Amino acid sequence: MHELAVTEGILAVVLRHAAAGGASRVVTVRLRIGGLSDLSEEWLARYFAWLGRGTVAEGARIEVERTPVVFRCGPCDRTFDVDLRTAGDFPCPFCGGKDVSLVSGREFFVREIEVV
Amino acid sequence: MENIRLIEVREEILSDNRDVAREIRETLRRKGVFLLNLMSSPGAGKTSLLIRTLRALRDAFRIAVIEGDIDSMVDAEKAAAEGVPAVQIRTGSACHLDAPMVEKALGELDLDRTDLVLMENVGNLVCPAEFDTGDTRKAMILSVPEGDDKPLKYPLMFSICHAVVVNKTDCFPMFDFDLDVFRERVRKLNPGAEIFPLSCKTGEGMDRWIAWLEKAIAESRSR
């Protein structure tokens with residue numbers, strides 16, 4: 001839903017780094033987005049293609065690395081990945097403990113760009 | 001053959017928004033203004049909670065209201081009818097408030113004569129979670145008819161809020177909402193979040209919410 005505004009943000013970051021690096025064209029944009037984000041990659045790519053027209057990022061390929069939603073178990077201190085949309089209520093897979101808490105899954109950044 | 005170079009970026013996607021949000025937070029801190037960002041899905045009771053909160057705190061604080069809406073003035077008119085300054089942000093196509101929009105709206109208020117700004121975000125549990133608005137605290141409302149499974153479906157929203165209001169508790173008998181299960185689901189995502197079951201209709205539970213907000217305002221001033 002908010003992919004347009006997010007894509008504007010991505011393009012701004014990409015163009016700034018491309019200019020600083022003296023790039024004439026951006027070939028690939030690699031993003032790292034946590035599993036807690038609802039962003040649709042298909043729409044990110046479409047909006048990027050549209051917003052990037054006429055810039056050095058025109059035609060760049062968008063690659064999204066989805067990082068997992070990770071929880072830590074309080075009692076046994078081990079971490080594990082969870083797909084929240086299918087998990088329902090999830091105890092620790094190692095010890096069955098229910099005292100688990102979120103560790104990561106909110107990453108939201110441009111990792112690197114490939115340029116010529 | 002062109003040589004492809006790799007540029008390491010490692011920068012947040014919404015860094016522009018984050019920078020503006022930081023500026024807003026700093027300005028508000030300096031002026032002693034508390035900005036509450038209130039989020040929920042449409043119909044969960046943002047405007048009702050806002051009006052109830054306004055009435056409970058208007059004698060203690062100088063309050064203003066910011067209303068975010070896609071394209072209407074209805075909510076701002078309700079707030080203005082309460083006799084407090086109200087600014088409507090019409091976001092057009094945007095499904096959330098972002099920091100530049102909030103900065104502009106704050107510019108229309110007299111912050112030197114304001115203690116508390118109650119801000120109603122656009123009704124939506126997805127997009128507002130991604131955009132920092134420069135708020136002092138984030139609160140969300142989930143209403144009983146929406147169901148206790150929502151932390152599993154909108155985990156980002158539940159993971160960022162300082163307070164989670166469960167509204168329409170007067171409807172409990174009609175729905176299979178398990179408050180204990182809900183508390184456990186929120187706690188996993190966000191152990192620091194406080195949960196406030198209440199009914200804007202009957203007023204039940206409002207006092208705990210108001211006490212939390214008063215305490216949060218006091219804490220923000222002492223920093």
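In this report, the structure presented in the accompanying data block is examined. (Residues numbered from 1 in each chain as written. Chains lettered and ligands numbered in written order. Predicted model: local features only at pLDDT ≥ 70, side-chain atom pairs only at ≥ 80, totals over all residues. Heavy atoms only, no water.)

As a further point, take the overall build of chain A. Along the backbone of chain A there are three helices and six strands. The helix and strand sequence of chain A, counted from the amino end, reads α-β-α-β-β-β-α-β-β. Its C-alpha atoms give chain A a radius of gyration of 18 Å, more than 25% over the compact-globule value 13 Å for 116 residues. Seen along its three principal axes, the alpha-carbon backbone of chain A occupies a region of about 55 × 25 × 15 Å. Expressed as a percentage of its 116 residues, the buried residues of chain A come to 47%. By element, 51% of the accessible surface of chain A is carried by carbon and sulfur atoms, the whole surface being about 5500 Å². Separation of charge centres in chain A, based on 14 positive and 16 negative side chains, amounts to 3 Å. (Helix = DSSP H or I, 4+ residues; strand = E, 2+ residues; numbered from the N terminus. Rg over C-alpha atoms; globule rule 2.2 N^0.38 Å. Buried < 20%, exposed > 50% of the residue type's maximum accessible area, 1.4 Å probe, protein only. Areas by Shrake-Rupley, 256 points an atom, 1.4 Å probe, with all protein chains shown as cover. Lys, Arg positive; Asp, Glu negative; His and termini not counted. Charge placed at Lys NZ, Arg CZ, Asp CG, Glu CD.)

Among the eight residues that make up strand β6 (residues 108-115) of chain A, eight are buried, leaving the element largely enclosed by the rest of the structure. As defined by bridge partners, strand β1 (residues 26-34) of chain A adjoins β6(A) across seven bridges and the pair is classed as antiparallel. Among the inter-strand pairings, R32(A) is bridged to a residue of β6(A), identified as F109(A). The sheet contact formed by β6(A) and strand β1 (residues 5-12) of chain B spans six bridges and is antiparallel. Its bridge partner being in β1(B), E114(A) is matched across the sheet by L6(B). (Pairing = 2+ DSSP bridges.)

For the rest of this paragraph, the subject is the interface of chain A and chain B. Between chain A and chain B, the residue contacts involve 44 residues of the former and 35 residues of the latter. Roughly 3400 Å² of surface becomes buried between chain A and chain B when both sides are summed, with 59% attributable to carbon and sulfur atoms. Scanning the region where chain A abuts chain B turns up three salt bridges. Between R16(A) and E11(B) there is a salt bridge, with its nearest N and O atoms 2.8 Å apart. Along the contact surface separating chain A from chain B lie 15 residue pairs in polar contact (both at pLDDT 80 or more). If you list the elements that add at least two residues to the side of chain A that touches chain B, you get α1 (3-20), β1, α3 (84-87), β5 (100-104) and β6 of chain A. Residue composition of the side of chain A that touches chain B, by class: 23 nonpolar, eight polar and 13 charged. (Contact = heavy atoms within 4.5 Å. Buried area = accessible area lost by both parts, 1.4 Å probe. Salt bridge = Lys/Arg side-chain N within 4 Å of Asp/Glu carboxyl O. Polar contact = N/O pair within 3.5 Å; in protein donor to acceptor, adjacent residues only side chain to side chain. Nonpolar A, V, L, I, M, F, W, Y, C, P; charged D, E, K, R; others polar.)

Residue and element names in this part refer to chain B. Mapped onto the elements of the fold, T53 is located in helix α2 (residues 46-57). Look at T53 and you get buried, because its relative accessible area is 2%. In terms of polar contacts, T53 uses its side chain to reach the backbone carbonyl oxygen of L49, at 2.6 Å.

So, on to the packing of aromatic side chains. Residue and element names in this part refer to chain A. Counting across every chain of the model gives eight aromatic pairs over all chains. Geometrically, the ring pair formed by W43 and Y47 is tilted, given 5.5 Å between the ring centres and 40 degrees between the ring planes. With W43 and Y47 both in helix α2 (residues 41-51) and four residues apart, the pair spans about one turn of that helix. Judged by relative accessible area, which is 37%, W43 ranks as partly exposed. Residue class for Y47 comes out partly exposed when judged on its relative accessible area of 23%. (Phe/Tyr/Trp six-rings, centres within 6.5 Å; stacked < 30°, edge-to-face > 60°.)

Attention now moves to helix α4 (residues 99-107) of chain B. Residues and elements named next belong to chain B. When we look at burial in α4, the residues that qualify are A99, M101, V102, A105 and L106. The arc that holds every buried residue of α4, seen down its axis, measures 155 degrees, which confines them to one face. Exposed residues pointing more than 90 degrees away from the buried face of α4 are listed as K104 and G107. In this structure, the buried residues of α4 make contact with α1 (15-31), β2 (34-40), β3 (63-69), β4 (86-90) and β5 (116-120). Looking at where α4 begins, the residue whose side-chain oxygen comes 3.0 Å from the main-chain nitrogen of M101 is D98. (Arc of directions from axis to C-beta.)

Purely geometric numbers; function is a separate question.
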